[in-house]
Amino acid sequence: MNAVRGKVAVVTGAGSGIGRQLALELARRGARLAVSDVDETGLAETVAEIKALGAEAEGTTLDVGDRAAFVAYAAAVAGRFGVVHQVYNNAGIAGGGQTILETDWESYDRTLAVNLFGVINGTKAFLPHLIDSGDGHVVNVSSLNGFMAQPTLTAYCASKFGVRGFTEALRTEMIRDRHPVHVTVVHPGGVKTGIASSALKEAQARGIEPTAEQLERVRLYNEKLLKMPAERAARIIVDGVEAGKPRVLVGNDAKLVDRLVRLFPRHYPKLIVDFERRRFARS
Ligand SMILES: NC(=O)c1ccc[n+]([C@@H]2O[C@H](COP(=O)([O-])OP(=O)(O)OC[C@H]3O[C@@H](n4cnc5c(N)ncnc54)[C@H](O)[C@@H]3O)[C@@H](O)[C@H]2O)c1
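Residues numbered from 1 in each chain as written. Predicted model: local features only at pLDDT ≥ 70, side-chain atom pairs only at ≥ 80, totals over all residues. Heavy atoms only, no water.

- Per an unreviewed UniProt entry, the protein chain is named Acetoin dehydrogenase, and its organism is Amycolatopsis regifaucium.
- Under the Sequence similarities (unreviewed entry) heading, UniProt states for the protein chain: "Belongs to the short-chain dehydrogenases/reductases (SDR) family." (UniProt positions renumbered as here; feature names shortened; annotations may be inferred.)

So this is what it looks like as structure tokens:
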């Protein structure tokens, strides 16, 4: 068993949702936490909750898309704790929710900067410290959209398929070069967090008013698809890490879709469109 007790664990995007619950679950299991987020208020709440559990926590405001800041952060965490064992590259955004024809270039840049380069930055900045620990673990959060594509999610799917490819390639290097670092890619299905609503707010902040169809889509996502409590998702992920699993599927929806795309690699896009038409009652 690859226990987290006594380990120094880094969690990005820890100010809410899955990241906050991951940090709390790791704290309950005896880890020492370095947590970060762009959202200072959410981050401060997470740090207070970790400390209330009697665990050690250091909170830092960090944009995972800012490479120089991430590299400096990795050095600071290693200096502060003396060792770093695990990094959970969790921070992510849903992106625009528009078709490729409607999506502006900035949305692609932002979604890939946070979801894909955020993961690459975090992995590369921390990897030397994880190797030095003699017992490292990289945990990169992809999505069921890391193996299943969907309309209006071109940027998100590109980023999450990318996280999967990056992480699996990383694993081959750790095996080939005998580095003492486990590598886990996580594919959550629908988890009850604010991710879909945050995407709307971010678009509005950039002056993009959502269409009635987009608003309805977010409402349906929040009501029908994002179902699993984030606490449960976090337990499944940390159980997977402790068991040394290379791949963690979170939820029956992720498991079902994993099978669907393997069984019907050519036909699944049409099945997805049919499913969405029925779910979102759109012809
Ligand atoms: N909720 C789901 O159904 C679901 C499904 C599959 C995958 N995921 C993935 O899980 C991860 C966590 O998402 P969540 O559902 O908890 O969403 P969330 O919105 O609740 O949490 C994401 C956190 O990341 C932070 N964040 C956003 N941009 C950042 C940046 N540039 N730098 C640092 N922090 C940043 C946000 O402030 C927020 O606290 C994401 O990678 C997401 O893609 C979520």
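The discussion continues.
1. Focus: the side chain of Asn 145
Then step 1. By secondary structure assignment, the location of Asn 145 is in the loop between strand E5 (136-141) and helix H5 (154-176).
Then step 2. Within polar-contact distance, the side chain of Asn 145 engages the backbone oxygen of Met 148 at 2.9 Å.
Then step 3. For Asn 145, the contacting residues outside a window of four places in its chain are Gln 150, Leu 153, Tyr 156, Cys 157, Lys 160 and Phe 161. (Helix = DSSP H or I, 4+ residues; strand = E, 2+ residues; numbered from the N terminus. Polar contact = N/O pair within 3.5 Å; in protein donor to acceptor, adjacent residues only side chain to side chain. Contact = heavy atoms within 4.5 Å.)

2. Concerning the packing of helix H1 (residues 17-28) against helix H8 (residues 230-242)
Then step 1. Two elements in contact, H1 and H8, have axes whose closest approach is 8 Å; the angle formed by their N-to-C orientations is 55 degrees. It follows from the interaxial angle that H1 and H8 lie oblique. You can see that H1 and H8 cross each other, and the crossing is right-handed. In contact with Gly 17, Ile 18, Gln 21, Leu 22, Glu 25 and Leu 26 of H1, H8 contributes Ala 230, Glu 231, Ala 234, Arg 235, Ile 237 and Val 238.
Then step 2. Here the residues of the contact of H1 with H8 sort into seven nonpolar, two polar and three charged. (Axes fitted to C-alpha atoms, helices over the stretch in contact; angles between N-to-C directions. Parallel < 35°, antiparallel > 145°, perpendicular 65-115°, else oblique. Left-handed = near helix turned anticlockwise from the far one by under 90°. Nonpolar A, V, L, I, M, F, W, Y, C, P; charged D, E, K, R; others polar.)

3. Describing the packing of aromatic side chains
Then step 1. All told, the structure shown has three aromatic pairs when counted by the stated rule.
Then step 2. Aromatic pair Phe 70 and Tyr 73: ring centres 6.3 Å apart, planes at 55 degrees, arrangement tilted. Residue Phe 70 and its partner Tyr 73 are located together in helix H3 (residues 67-81), separated by three residues, close to a single helical turn.
Then step 3. Classification of Phe 70 as buried rests on a relative accessible area of 0%. (Phe/Tyr/Trp six-rings, centres within 6.5 Å; stacked < 30°, edge-to-face > 60°. Buried < 20%, exposed > 50% of the residue type's maximum accessible area, 1.4 Å probe, protein only.)

4. Here's the deal with the nonpolar core
Then step 1. Membership of the largest hydrophobic core comes to 32 residues, with the highest contact counts inside it found for Val 11, Leu 22, Leu 26, Leu 33, Val 35, Ile 50 and Tyr 88.
Then step 2. Looking at this core, the elements that each hand over two or more residues are strand E1 (8-11), H1, strand E2 (32-37), helix H2 (40-52), E5, H8 and strand E9 (247-250).
Then step 3. Grouped together as the second largest cluster of nonpolar side chains are 25 residues, Phe 70, Val 77, Val 114 and Met 174 included. (Core = buried A, V, L, I, M, F, W, Y, C linked by side-chain atoms within 4.5 Å.)

5. A look at the side chain of Ser 143
Then step 1. Mapping Ser 143 onto the fold places it in the loop between E5 and H5.
Then step 2. Look at Ser 143 and you get buried, because its relative accessible area is 5%.

6. Observations regarding the site of the ligand
Then step 1. In the vicinity of the ligand there are 30 residues, among which Asp 37, Asn 90, Tyr 156, Val 191 and Thr 193 approach most closely.
Then step 2. Note that an oxygen atom of the ligand is positioned 2.8 Å from one of the backbone N or O atoms of Asn 90.
Then step 3. In the model, an oxygen atom of the ligand is placed 2.7 Å from a nitrogen or oxygen of the Val 191 main chain.
Then step 4. Relative to its unbound accessible area of 830 Å², the ligand is 94% covered by the protein chains.
Then step 5. When residues of the shell around the ligand are traced back to their parent elements, those giving at least two are H1, helix H4 (105-133) and H5.
Then step 6. A class-by-class count of the residues in the shell around the ligand yields 13 nonpolar, 12 polar and five charged. (Near = heavy atom within 4 Å. Areas by Shrake-Rupley, 256 points an atom, 1.4 Å probe, with all protein chains shown as cover.)

7. Structural notes on H8
Then step 1. Between the first and last C-alpha of H8 there are 18 Å, a value that for 13 residues agrees with the 18 Å anticipated at 1.5 Å per step.
Then step 2. Those residues of H8 lying buried are Ala 230, Ala 233, Ala 234, Ile 237, Val 238, Gly 240, Val 241 and Glu 242.
Then step 3. Looking one or two places after H8, you find Gly 244, whose phi comes out positive at around 70 degrees. (Expected span 1.5 Å × (residues − 1).)

8. Notes on a nonpolar patch on the surface
Then step 1. On the surface, Leu 263, Phe 264 and Leu 271 cluster together into a nonpolar patch covering about 290 Å² of accessible area.
Then step 2. With respect to the helices and strands, Leu 263 occurs in helix H9 (residues 252-263).
Then step 3. On the basis of relative accessible area, Leu 263 is assigned to the exposed category, the value being 62%. (Patch = residues over 30% accessible without salt bridge, like charges linked within 9 Å, V, L, I, M, F, W, Y side chains within 5 Å. Salt bridge = Lys/Arg side-chain N within 4 Å of Asp/Glu carboxyl O.)

9. Let's talk about H9
Structurally, the α-helix is built with 3.6 residues per turn, so residues lying three or four positions apart point the same way.
Then step 1. In this model, H9 (12 residues) spans 16 Å end to end at C-alpha, consistent with the 16 Å of a helix rising 1.5 Å per residue.
Then step 2. Taken together, the buried positions of H9 are occupied by Ala 254, Val 257, Asp 258 and Val 261. Along H9, the residues classed as buried sweep out an arc of 110 degrees about the axis, all on the same side. Facing away from the buried side of H9, by more than 90 degrees, are the exposed residues Asn 252, Leu 256, Arg 259 and Leu 263.
Then step 3. Where H9 is buried, its residues contact strand E6 (181-188), E9 and helix H10 (268-280). (Arc of directions from axis to C-beta.)

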